[in-house]
Amino acid sequence: MNKAVWMALTLSLCGAVAAQGSTSSGTPATSQSSTPSSGDPTGGAGPAVNSTVFSGEHIKNVTAVTEVFGRSQNITAAIVEYDQSIRNSSLSAATFTVSGRTITRVYATTQAAKATAGRDGRFVVIELDPNDASAPVFAPNVDKTAEVVVNQAGTVQTVGGATYAATPTAIINTRLKNLIVDDFQVLRFTDPVTGQRLSYNLYVPRNYDPKQNYPLVLFMHDYGTTGTNPLRTLEQGLGAVSFASPEDQAKHPAFVLAPQYSVGLANDANQISEFPDITVRLLQTLTRIYSIDQNRLYTTGQSGGAMASLALNLKYPDLFAASLIVAGQWDPAQVAPLANKKMWVIASEDDPKAYPVMNQIMPVLEQNGAKITRAVWNGRASAAEFQNDVDAVLKAGPDSNIYYTVFQKGTVIPAGITNNPGAGHIYTWPIAYTIAGVRDWLFTQHK
């Protein structure tokens, strides 16, 4: 898709983007829509460093916490570190305000991290509504500093019996935690064939043991994320970070490779740039450095990244054990060799390109021996409903090597977003990568 068109489709997106996110963990406490501090006329959306302080009499620092959602990276919490252990029972949502944000939970804990339940400790976690309009720090048309401006509006009691009065001046964060994103290493590969350099993000499984073999998931981003900031492929959606989440890693310890491409990967003339080949050479290099199971290499991508995945399967037929193809397509006249591949293909009936082309591709694959199971899903289904959908598809086609699931027309585009040409395309992957059962299927596949 032309990049100018892609950008145009995402105008006025921030609020709708945030609405795609999940709620913060735990049961929300009494919500409070806090107002901007007098020294922060932007409502928390711009630099406030000159009208705030970095610490207080008893507050050592504040940490902003971000999480990645389907189409954005949002600030979801502020963590306040005190000089003494705080009594959890003394806290409520009314104890603090955060400029321009809605507070959903407040609790003390012993570590600088969100928790399911509070306990006495030096850290106070202020969970924030991820659907706030000012929550995104990176999204289409949003790219700003991750700032939280915190006021202790009420008194706080320590475990030792002291009472800390309200802070006279708002405190801005001096620390930042990007959940899951920070777990990746940011590296650079110099291709020995072309001399080109490729920035990439690599997740190494926690407690990596070189005596074990691990699968690897390659994620290739869409054209709209093309650029030189190596973190963008992680921050713009769930295609990479979902596989590196604590939940997925607990089930499937795996490497996750997410290159950041400075140029396009594929175009609508069914051509690829040299970077997919460079990615293959990077992948081959990593398999020599780490204990990576070459029988369990997987590729996935959205839009141009999905097209590159298909192209690599055609060019390197023995490389990948399975593929997750999201909102992509290729020339139906060229796809016959893919008939024996293991693929889960996801498209939307609202996608004016991927959907009709994939409908042309599937008969070609069947004519060449592929066993395909098809299904139409509601893109607004809950996690439990999607799991039922996955189970039903696998039961219907236990011997299939290709699953083709389509989101029903009108179920992927968020409320308030015009159904422009392309909207049904770019809103496919925020849903596709949330479906845990599809990710689970990928890891069951071997060469």
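Refer to the structure printed above.
Everything numeric here is computed off the predicted structure, so don't read it as measured data. (Residues numbered from 1 in each chain as written. Predicted model: local features only at pLDDT ≥ 70, side-chain atom pairs only at ≥ 80, totals over all residues. Heavy atoms only, no water.)

Caption draft 1: Expanded view of the overall build of the chain. When you go through the chain residue by residue, the secondary structure sums to 12 helices and 22 strands. In the chain, which comprises 447 residues, the proportion classed as buried is 56%. Here the contacts in the chain between residues at least 6 apart in sequence split such that 73% fall between residues at least 24 apart. (Helix = DSSP H or I, 4+ residues; strand = E, 2+ residues; numbered from the N terminus. Buried < 20%, exposed > 50% of the residue type's maximum accessible area, 1.4 Å probe, protein only. Contact = heavy atoms within 4.5 Å.)

Caption draft 2: Structural view of the environment of Ala108. Mapped onto the secondary structure, Ala108 falls in strand β5 (residues 102–109). Along the sequence, Ala108 and Gly118 sit 10 residues apart, while their C-alpha atoms lie 5.2 Å from each other. In this structure, Ala108 is in contact with Ile86, Asn88, Leu91, Gly118, Arg119, Asp120, Gly121, Phe123 and Val124, ignoring residues within four places of it in sequence.

Caption draft 3: A look at the sheet that holds strand β4 (residues 96–98). If you walk across this open sheet you meet the three strands as β4-β9-β12, and the pairing is antiparallel. The sheet is open, and its two borders are formed by β4 and β12 (171–172), each paired with just one other strand. Relative to strand β9 (residues 149–152), β4 is paired through three bridges, and the arrangement is antiparallel. Paired with Thr97 across the bridge in β9 is Asn151. (Pairing = 2+ DSSP bridges.)

Caption draft 4: Seen up close, the side chain of Ser323. Relative to the helices and strands, Ser323 is located in strand β19 (residues 322–326). Engagement of the side chain of Ser323 in a polar contact is seen with the side chain of Asn313, the distance being 2.9 Å. The residues touching Ser323, leaving out its near neighbours within four places in the chain, are Thr299, Asn313, Lys342, Met343, Trp344, Trp441 and Leu442. (Polar contact = N/O pair within 3.5 Å; in protein donor to acceptor, adjacent residues only side chain to side chain.)

Caption draft 5: Structural view of the nonpolar core. Membership of the largest hydrophobic core comes to 46 residues, with the highest contact counts inside it found for Phe243, Leu324, Trp344, Trp377, Phe407, Tyr433 and Val438. With 26 residues, the next largest nonpolar core counts Tyr200, Ile278, Leu286 and Leu312 among its residues. (Core = buried A, V, L, I, M, F, W, Y, C linked by side-chain atoms within 4.5 Å.)

Caption draft 6: How the structure looks around the pattern of salt bridges. Enumeration over the complete set of coordinates arrives at 15 salt bridges. For Asp132, the salt bridge is made with Arg101, and the minimal N-O distance between the two is 2.8 Å. Of this pair, Asp132 sits in the loop between β6 (121–128) and β7 (136–139) while Arg101 sits in the loop between β4 and β5, placing them 31 residues apart in sequence. Grouping residues by exposure puts Asp132 and Arg101 together as buried. Here the salt bridges do not stand alone but share partners, grouping Lys60, Glu81, Arg122 and Arg175 into one network. (Salt bridge = Lys/Arg side-chain N within 4 Å of Asp/Glu carboxyl O.)

Caption draft 7: Main features of the pairing of β6. Judged by how many residues are buried, β6 sits mostly within the fold: seven of eight residues are covered. In this structure, strand β3 (residues 73–86) lies alongside β6, joined through six bridges in antiparallel fashion. Across the sheet, residue Ile86 finds its bridge partner in β6, namely Gly121. Relative to β6, β5 is paired through six bridges, and the arrangement is antiparallel. Bridge assignment links Val106 to a residue of β6, and that residue is Ile126.

Caption draft 8: Region of the structure containing the sheet that holds strand β15 (residues 197–203). An order of β14-β15-β17-β16-β18-β19-β20-β22-β21 is seen for the nine strands of this open sheet, with the pairing classed as mixed. For this open sheet the edge positions go to β14 (185–190) and β21 (372–377), each flanked by a neighbour on one side alone. Sheet twist, expressed as the mean angle between neighbouring strand axes with direction ignored, is 20°. Sheet topology note: the β21/strand β22 (residues 402–407) ladder contains six bridges and is parallel. Within the sheet, the bridge partner assigned to Ala375 lies in β22 and is Thr405. (Axes fitted to C-alpha atoms, helices over the stretch in contact; angles between N-to-C directions.)

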